[in-house]
Amino acid sequence: GAVVSQHPSWVICKSGTSVKIECRSLDFQATTMFWYRQFPKQSLMLMATSNEGSKATYEQGVEKDKFLINHASLTLSTLTVTSAHPEDSSFYICSVGETQYFGPGTRLLVL
Amino acid sequence: GENVEQHPSTLSVQEGDSAVIKCTYSDSASNYFPWYKQELGKRPQLIIDIRSNVGEKKDQRIAVTLNKTAKHFSLHITETQPEDSAVYFCAAENNNDMRFGAGTRLTVKP
């Protein structure tokens, strides 16, 4: 399967700051990547579909101006949580490929 | 859109027993049904999948069955071991749109 990396693996930030999370597909050219959020003891919730060279497709209820997605190349998608607040604290996971090979996830804690 | 329901939410079995997790989906156009295992704090890992043109698939101790007419699919784990303890998610996909079930926390007691 595809090898997917994410950086950083965890981040702690103050409320109001922006946080950028990178998702890299190391051995698979992905025209599409997916961003999920997972709260403790809950399922994976799709936030948006990242499309290489075009705008991301956001799920209903996900603010596109708050969660900026950039998919500049076939191997890299970034998710920027702008003006983060404590309620944004979560586990953010990206995936690539039809069978959804997941990155290791990024644990975000906003103080 | 697709809606996936998963039961039970928690399942505790004795080592060596079988475990069955069931999921239903709503979108008849869904054609790909993977199962993921997620250990605490780690990424979900694909353990088995099935496509809509197949009714059953087996891989060692793990099997998945699909009933397209009833729109439900199940994960079967036989001869469970303590290392099978994890959260298991089912999912249904149609055209790159994948929706997950709520998850089942499986505990295998030694």
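Look up a bit, the structure's there.
Rules used throughout
Residues numbered from 1 in each chain as written. Chains lettered and ligands numbered in written order. Predicted model: local features only at pLDDT ≥ 70, side-chain atom pairs only at ≥ 80, totals over all residues. Heavy atoms only, no water. Helix = DSSP H or I, 4+ residues; strand = E, 2+ residues; numbered from the N terminus. Rg over C-alpha atoms; globule rule 2.2 N^0.38 Å. Buried < 20%, exposed > 50% of the residue type's maximum accessible area, 1.4 Å probe, protein only. Contact = heavy atoms within 4.5 Å. Areas by Shrake-Rupley, 256 points an atom, 1.4 Å probe, with all protein chains shown as cover. Phe/Tyr/Trp six-rings, centres within 6.5 Å; stacked < 30°, edge-to-face > 60°. Disulfide = S-S within 2.5 Å. Salt bridge = Lys/Arg side-chain N within 4 Å of Asp/Glu carboxyl O.

Asker: Honestly, the overall build of chain A in this entry has me stumped. Any pointers?
Answerer: Across its full length, chain A holds zero helices and eleven strands. Walking chain A from its N terminus toward its C terminus, one meets helices and strands in the order β-β-β-β-β-β-β-β-β-β-β. Relative to the compact-globule value of 13 Å for 111 residues, chain A shows a C-alpha radius of gyration of 13 Å, a close match. Counting only C-alpha atoms, chain A reaches 35 × 25 × 20 Å along its principal axes. When burial is assessed residue by residue, chain A has 53% of its 111 residues classed as buried. Sequence-distant contacts in chain A: of pairs separated by 6 or more residues, those separated by 24 or more amount to 53%. Element-wise, carbon and sulfur atoms account for 54% of the exposed surface of chain A, whose accessible area totals about 5500 Å².

Asker: Hey, could you run me through the packing of aromatic side chains in this one?
Answerer: Aromatic ring pairs are described here by two measures, namely the spacing of the ring centres and the angle between the planes. All names here are of chain B. Evaluation of the coordinates by the stated rule reveals ten aromatic pairs over all chains. Judged by centre distance (5.0 Å) and plane angle (50 degrees), the rings of Phe33 and Phe73 are tilted. Of this pair, Phe33 sits in strand β4 (residues 32-38) while Phe73 is found in strand β8 (residues 72-77), placing the two residues 40 residues apart along the sequence. Taking the relative accessible area as the measure of exposure, Phe33 reaches 0% and is therefore buried. The buried category is assigned to Phe73, whose relative accessible area is 0%.

Asker: Would you mind going over the state of the cysteines with me for this structure?
Answerer: Covalent bonding between the sulfur atoms of two cysteines is what defines a disulfide. This model, assessed by the stated rule, comprises two disulfides over all chains. Each sulfur of the disulfide joining Cys23 of chain A and Cys94 of chain A lies 2.0 Å from the other. What sets the handedness of the Cys23 of chain A and Cys94 of chain A disulfide is the S-S torsion sign, and at about 80 degrees it is right-handed. Note that Cys23 of chain A is positioned in strand β3 (residues 19-25) and Cys94 of chain A in strand β9 (residues 90-96), a separation of 71 residues in sequence. Just as Cys23 of chain A is buried, Cys94 of chain A falls in that class too. At a sulfur-sulfur separation of 2.0 Å, the disulfide partner of Cys23 of chain B is Cys90 of chain B. Between Cys23 of chain B and Cys90 of chain B the disulfide shows an S-S torsion of about -100 degrees. By sign, it is left-handed. Of this pair, Cys23 of chain B sits in strand β3 (residues 19-25) while Cys90 of chain B is found in strand β9 (residues 86-94), placing the two residues 67 residues apart along the sequence. Of the two residues, Cys23 of chain B and Cys90 of chain B, neither departs from the other in class, the shared state being buried. Here Cys13 of chain A stays unpaired: no disulfide links it, and the sulfur of Cys94 of chain A, its closest cysteine neighbor, is 19 Å away.

Asker: Help me understand the pattern of salt bridges in this model?
Answerer: Pairing is possible between side chains of opposite charge, provided their charged atoms come close. Throughout the structure, instances matching the rule amount to eight salt bridges over all chains. Ionic pairing is found between Lys66 of chain A and Asp88 of chain A, a salt bridge with its closest N-O pair at 2.9 Å. Residue Lys66 of chain A is located in the loop between β6 (57-58) and β7 (67-73), and its partner Asp88 of chain A is located in the loop between β8 (76-81) and β9; the two are separated by 22 residues in the primary sequence. Each member of the pair, Lys66 of chain A together with Asp88 of chain A, is buried. In this structure, the salt-bridge partner of Asp49 of chain B is Lys57 of chain B, at a minimum N-O distance of 2.8 Å.

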